[in-house]
Amino acid sequence: MATTKLKGDLTINLLGEMPRVGVIAPDFTAVKASLAEAKLEEYRGKKVVLNIFPSIDTGVCAASVRRFNKVASEMADTAVLCISKDLPFAQARFCGAEGLANVETLSAFRGDSFEKGYGLLMTDGPLQGLLARAVVVIDKNGKVVYTELVDDITHEPDYDRAIAALQQA
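Let me sum up the structure you'll find in this document. (Residues numbered from 1 in each chain as written. Predicted model: local features only at pLDDT ≥ 70, side-chain atom pairs only at ≥ 80, totals over all residues. Heavy atoms only, no water.)

## Brief notes about the pairing of strand β8 (residues 134–138)
Then, in step 1: The buried fraction of β8 amounts to 5 of the 5 residues, a majority that puts the element mostly inside the structure.
Then, in step 2: Judged by which residues are buried, β8 turns out to be covered on both faces: Ala134, Val136 and Ile138 on one side and Val135 and Val137 on the other are all buried.
Then, in step 3: Bridging between strand β5 (residues 47–52) and β8 involves 5 bridges; their strand directions are antiparallel. Bridged to Asn51 within β8 is Val135.
Then, in step 4: Looking at chain direction, β8 and strand β9 (residues 144–149) are connected through 5 bridges and run antiparallel. By the bridge assignment, Val136 is partnered in β9 with Thr147.
Then, in step 5: Once β8 ends, the chain turns through 5 residues before running back antiparallel as β9, passing Gly142 with a positive phi of about 90°. (Buried < 20%, exposed > 50% of the residue type's maximum accessible area, 1.4 Å probe, protein only. Helix = DSSP H or I, 4+ residues; strand = E, 2+ residues; numbered from the N terminus. Pairing = 2+ DSSP bridges.)

Printed below as a string of structure tokens:
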């Protein structure tokens, strides 16, 4: 079982482990802003960034969505999927207010295929039931080429390493 931190001193246990680099990314079902379901397999043939975070209504989470929105606008054949347990309405409200049109928000509030496949559900602590902050980069063939479980939920991911992996994918 993987762990992360909250504000440096509180260890947070996660449901399992993230997929390893080199494996085919586990498929999952999540909910789009339109309330339609989306599956990871629908993005096959594109490079995919999974930007995973606890809640879009926090500063660090919002910063990662903004940053990856910029990256997505500059890279062809790339889908950036911003995944949290927020309701699709909150995700859409945030992206609309921010003018973010290059990322796609997906809610993992319904079902458990994402949390089981990616092991990022926080099982204790004050954010129990939400997803830990992480980034997964997937190549056009569905293979995981980069993962980062951020060491502390209050920290931003390493954008430069994620972008480098995306450019090489």
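## As for the packing of aromatic side chains
Then, in step 1: If you walk through the whole model with that rule in mind, you get 4 aromatic pairs.
Then, in step 2: When the ring of Phe28 is compared with that of Phe114, the centres are 4.9 Å apart and the planes differ by 85°; the resulting orientation is edge-to-face. Taken together, the residues span a long stretch of sequence, with Phe28 in the loop between β2 (10–13) and β3 (29–31) and Phe114 in helix α3 (residues 113–118) at a distance of 86 residues. The exposure classification of Phe28 matches that of Phe114, with both residues buried.
Then, in step 3: Between Phe28 and Tyr118 the ring centres are 5.7 Å apart and the planes differ by 85°, which places this aromatic pair in the edge-to-face class. Residue Phe28 is found in the loop between β2 and β3, and its partner Tyr118 is found in helix α3; the two are separated by 90 residues along the sequence. Each member of the pair, Phe28 together with Tyr118, is buried.
Then, in step 4: One aromatic cluster is present, formed by Phe28, Phe114 and Tyr118 through successive ring pairs. (Phe/Tyr/Trp six-rings, centres within 6.5 Å; stacked < 30°, edge-to-face > 60°.)

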